[in-house]
Structure formats: structure tokens, C-alpha cells
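# Summary of the model geometry
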Amino acid sequence: MSPAGAAQRLEREFGDVRIRLTRATGGVLSLSAGPGMLAVHGVRRGRVAVRGGSTPFEVTQNGALLMADCTVMAAVLRPSELISITVPVPPGEDVPSGARPAVGGETLLSGVIAFAGEVVTAVDREVMGVPHPHIELLVRDMVARLLTVEAVQEAPSPMRRALAVIMRMHADPRLGSRRIAEAVNLSVRQLERQFHAHGTTIAREVRHARLDAAVRLLSEDPTGLSSIDEIAHRVGFSGGSPLARAMLREGLPSPSAVRLGVRLAS
């Protein structure tokens, strides 16, 4: 993303992941995503109007736009702060070219933007551009999950309702297939078929929702004011050990490594 006009920028790279913070009081920003790349532009503060696609649209605070293989212009309608994340398109994903508003996974989207914002502002200039495998893995995994949730917005309504239940109730340790199925008025078997048709499972999506929340809380608390056990309980795990096992299963760093990753980069 290269702004046209006055804007303050701070950018960090972690392997193939690029994170940029842009502050602008007005003017026009040029937003782009090259071939094979996916960009998520989140508005932490302010409001921008996006032009260049088939239909102009606005992105307001806590919203975002997704881009692939295109360039658009974004007029800054009020003093704004954008967090931009650029990653390679995840393997197996068929992401259409163009720009569109992000429409799914409000909790997940806010977690991705919050984590990226913490990283880009915490990294010391001395390590600018040095790949950090933990941060790269976390950001790529979060964006891949965001795409999954976005795709499900086109799914039959029971699937959408089930994901909404998971996002809303993931912190409840009693949340399971039966309770979710009851909430969307389906049998467990019917709901399992809905998830299977989209290449996932109920348990996996519950686990992902809890892990996304845990990563966000850990990254926002790098000094360890809350223990890992406390954070695990807050997101629905029975303790720090089950949280660590779940993160290992998903190929993520350990809970302590997430905190250490932010501290080492600061």
C-alpha cells in the first residue's frame, strides 16, 4: 500500500508476511495486492471510501476490506489509522481478484487486526525486516481462518447460525455439538453434515474460535499480568496444558512463545 499525499507509515516484515500501519488525516491512499497475494486492510480508527472496483463502498472503524490481485484508491474521509496485512494466498484457497468488504467473523477479524497492530508498533527498528517465524505463522493462520469464515457466509443459513453461536459462546467450556445443534434447530448429525460439506468439523471450529481468542489475549498481555491458566479458562479451555496441546495440534507456538515472540520483537 503506497499512500498518495501526506501519511505516516510504519512497516514490518516477517518472512512472507508484511504488516503496515498507516496514519492519514486526509487525501487518497493507493491500496494494492499483487498476484498470489492477499491483503487485509483493517480500519482501527476513522473512515475510508474505496473506489476502483465495480461498486464503491466505505469501510468504517473496526471494519476491513479484503483484496487480491488488484489496486484500488481509498479516500480518507476523516483522520484514519489502517492496519494492513499482506500474506501469500493460503494453499488450496481460490480467492477471487478484486476488493470487497470483509463480512464475516467480527470477533476473528478484530483479533487479527489487534494482533497485527500490537506487532507492528512493538517491533524495534533494529530488527526491522528480520523474519520472525512465530509471528509469521500466527498471522498466516489467522488470515486463513478469516477466509474460511468469509466463505461460509455463502453457506446455508444453519451453518451461518452455527458459526455465530460458536463465536458468541466459545468461552463456555460446556459448548459442544449438541448445544450448538439445539441452538440452530438441527440434529447433531444434520449439523455435522453441514460442517463436513465445507471441509471442517464442529469441534475444529470451536477449537479455532478459542485459539484465536487466546492468541489475541496473550499478545495483548506480553508482560504476563494474567497467567496462561487464567487466559485458558477465559477462552473455554480447562487450563494452560489443554490450551498448549491445542496450539501444538494446530502447528502454533506454545502460549508462552506467543508472549515471548512479542517481547523478543520489542
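So, a few notes on the structure that sits alongside this text. What you see as residue numbers is a count from 1 along each chain, following the sequence as written. For this predicted model, a pLDDT threshold of at least 70 governs which residues receive local features, and a threshold of 80 or more governs which side-chain atom pairs are given and counted, while totals over whole chains, interfaces and linings are taken from all residues. Neither water nor hydrogens contribute to the side-chain values; these are computed over all heavy atoms in the structure.

## Points about the nonpolar core
As a reminder of what qualifies: Definition used in this section: a nonpolar core is a set of buried Ala, Val, Leu, Ile, Met, Phe, Trp, Tyr and Cys residues joined via side-chain atoms within 4.5 Å. Burial classes follow relative accessibility: with a 1.4 Å probe on protein chains only, a residue under 20% of its type's maximum area counts as buried, one over 50% as exposed, and anything between as partly exposed. The secondary structure listing takes helices from DSSP runs of H or I that are at least 4 residues long and strands from runs of E that are at least 2 residues long, numbered from the N terminus. We call two residues in contact whenever any of their non-hydrogen atoms come within 4.5 Å of each other.
Membership of the largest hydrophobic core comes to 45 residues, with the highest contact counts inside it found for Ile19, Val40, Ile83, Ile85, Phe115 and Val139. Elements supplying a minimum of two residues to this core: strand 3 (17–24), strand 4 (28–51), strand 6 (64–88), helix 1 (106–122), helix 2 (133–152), helix 6 (202–219), helix 7 (228–235) and helix 8 (240–249). Excluding residues that lie within four positions of it along the chain, isoleucine 83 makes contacts with Ile19, Arg20, Leu21, Val40, His41, Gly42, Arg44, Ile113, Ala116, Gly117 and Val120. Formed by 17 residues, the second largest nonpolar core is a distinct cluster that contains Ala24, Ala39, Val43 and Met67.

## Remarks on the environment of valine 235
With respect to the helices, strands and loops of the structure, valine 235 is situated in helix 7. Taking relative accessible area as the criterion, valine 235 reaches 1% and is therefore assigned buried. Distance in space between the C-alpha atoms of valine 235 and valine 215 is 10.0 Å, their sequence separation being 20 residues. Sequence-distant contacts of valine 235, that is, excluding residues within four places in its chain, are made with His170, Ala171, Arg210, Ala213, Ala214 and Leu217.

## A few points about the side chain of glutamate 81
Just so we agree on the cut-off: Contacts described as polar in this section are N or O atom pairs within 3.5 Å, which, within protein, must combine one atom able to donate a hydrogen with one able to accept it, while residues neighboring in sequence count only if both atoms come from side chains.
For glutamate 81, the position within the fold is in strand 6. Overall, glutamate 81 belongs to the buried group, its relative accessible area being 10%. Within the local environment of glutamate 81, its side chain forms a polar contact with the side chain of arginine 44, the two groups lying 2.6 Å apart.

## Some remarks on helix 6
We apply this condition: Expected helix span is computed as 1.5 Å times (number of residues minus one).
Along its 18 residues, helix 6 runs 26 Å from first to last C-alpha, staying within 8% of the 26 Å computed at 1.5 Å per residue. Summarising burial for helix 6: 15 of the 18 residues are buried, a large majority.

## A word on the packing of helix 3 (residues 157–169) against helix 5 (residues 188–197)
Definition in use: Axis definition: a line fitted to C-alpha atoms, over the contacting stretch in the case of helices. Angles run 0 to 180 degrees between N-to-C directions. Any angle from 65 to 115 degrees is called roughly perpendicular, while one under 35 is roughly parallel, one over 145 is roughly antiparallel, and all others are oblique. Each residue gets one label: Ala, Val, Leu, Ile, Met, Phe, Trp, Tyr, Cys and Pro are nonpolar, Asp, Glu, Lys and Arg are charged, and the others, such as Gly, are polar.
The N-to-C vectors of helix 3 and helix 5 enclose an angle of 95 degrees; their axes lie 10 Å apart at closest approach. Between helix 3 and helix 5, the angle is such that the two are roughly perpendicular. Across from Pro158, Met159, Ala162, Leu163 and Ile166 in helix 3, the residues of helix 5 making contact are Leu191, Gln194 and Phe195. Its residues placed into classes, the contact of helix 3 with helix 5 shows seven nonpolar, one polar and no charged.

## What about the side chain of glutamate 205?
As a reminder of what qualifies: In this tally Asp and Glu are treated as negative and Lys and Arg as positive; neither His nor the chain ends contributes. By definition, a salt bridge exists where a carboxyl oxygen of Asp or Glu is found within 4 Å of a side-chain nitrogen of Lys or Arg.
Relative to the assigned elements, glutamate 205 resides in helix 6. An unpaired buried charge is present at glutamate 205: no salt bridge exists, and arginine 204, the closest side chain of opposite charge, is 5.8 Å distant. Looking at glutamate 205, its side chain comes within polar contact range of the side chain of threonine 200, at 2.6 Å. Sequence-distant contacts of glutamate 205, defined by excluding residues within four places in its chain, comprise Thr148, Leu163, Ile166, Phe195 and Thr200.

## Thoughts on helix 8
Basically, it comes down to this: Regarding the arc, it is the one traced by the directions from the helix axis to the C-beta atoms.
Among the residues of helix 8, those classed as buried are Gly240, Leu243, Ala246 and Met247. Mapping the buried residues of helix 8 onto a view down its axis gives an arc of 125 degrees, with all of them on the same face. Across helix 8 from its buried face, at more than 90 degrees, point the exposed residues Arg245, Leu248 and Arg249.

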